[in-house]
Every structure is written in structure tokens, then in C-alpha cells.
Amino acid sequence: MKQEFAIVQKKARLRGMKIPDDVAEYIAGKVKANIREIEGALTTLYALVGTASRKSPRNFVRIALGR
């Protein structure tokens with residue numbers, strides 16, 4: 001899971017997102033399929049947080065992951 005965590009953090013940085021470690025760990029633990037699924041979750045998370053104008057709590061991550 002360490003590698004997935006690093007990928008989530010890197011992809012978030014590339015999108016200009018700063019996500020807390022616990023959120024990155026949650027995404028890394030839930031998304032196992034591939035990098036595109038991680039990118040999709042981050043895109044949805046970015047859109048949700050942007051429209052809510054708040055930081056990214058876990059409930060946004062759950063929505064972004066479709067759970």
C-alpha cells in the first residue's frame with residue numbers, strides 16, 4: 001500500500017491538490033485496480049471539494065469512490 005499511497009500523493013500534487021495523509025491512505029486502501037481509477041477518484045474529489053469550498057473530508061472521498 002506504500003506504493004499506492006505515493007501514487008495518490010503524486011497524482012494529487014500534479015493536479016495542484018493538497019490532500020491530508022489520512023485521505024491519501026484511504027484512497028490508496030480503497031482503489032486497488034489501477035492508476036486510472038486513482039486519477040478518476042482524485043478528479044471527482046477535486047470537483048466535489050471545489051463546489052463545496054471546503055477541505056476534503058472522508059465523506060467526499062467516499063462519494064468520489066462511489067461508496
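Residues numbered from 1 in each chain as written. Predicted model: local features only at pLDDT ≥ 70, side-chain atom pairs only at ≥ 80, totals over all residues. Heavy atoms only, no water.

In this section: the overall build of the protein. Secondary structure summary: the protein contains four helices and zero strands in total. From first element to last, N terminus to C terminus, the protein shows the α and β order α-α-α-α. A burial count over the protein gives 31% of its 67 residues as buried. Partitioning the intrachain contacts of the protein with sequence separation of at least 6 by distance along the chain shows that 52% fall at a separation of at least 24. Looking at the protein as shown, the accessible area adds up to about 4400 Å², and 52% of this sits on carbon and sulfur atoms. (Helix = DSSP H or I, 4+ residues; strand = E, 2+ residues; numbered from the N terminus. Buried < 20%, exposed > 50% of the residue type's maximum accessible area, 1.4 Å probe, protein only. Contact = heavy atoms within 4.5 Å. Areas by Shrake-Rupley, 256 points an atom, 1.4 Å probe, with all protein chains shown as cover.)

Moving on, we come to the pattern of salt bridges. For the structure on display, the rule yields one salt bridge. Of the charged contacts, one joins glutamate 39 and lysine 11 as a salt bridge, the two residues approaching to 2.9 Å between their closest N and O atoms. With a gap of 28 residues between them, glutamate 39 in helix α3 (residues 35-52) and lysine 11 in helix α1 (residues 2-14) connect regions that are remote in the sequence. Note on glutamate 39: relative accessible area 25%, which makes it partly exposed. Given the relative accessible area of 21%, lysine 11 is considered partly exposed. (Salt bridge = Lys/Arg side-chain N within 4 Å of Asp/Glu carboxyl O.)

Of all hydrophobic cores here, the largest spans 19 residues; its most connected members are Val8, Ile19, Ile27, Leu42, Leu45 and Val61. Secondary-structure elements contributing two or more residues to this core are α1, α2 (21-30), α3 and α4 (58-64). The residues contacting isoleucine 27, other than those within four sequence positions of it, are Val8, Leu42, Leu45 and Val61. (Core = buried A, V, L, I, M, F, W, Y, C linked by side-chain atoms within 4.5 Å.)

With that settled, consider the packing of α1 against α2. Between α1 and α2, whose axes approach to 8 Å, the crossing angle comes to 120°. Considering their axes alone, α1 and α2 lie oblique with respect to each other. Between α1 and α2 lies a crossing whose hand is right-handed. Here Glu4, Phe5, Val8 and Gln9 of α1 lie close against α2, whose contacting residues are Asp21, Ala24, Glu25, Ile27 and Ala28. (Axes fitted to C-alpha atoms, helices over the stretch in contact; angles between N-to-C directions. Parallel < 35°, antiparallel > 145°, perpendicular 65-115°, else oblique. Left-handed = near helix turned anticlockwise from the far one by under 90°.)

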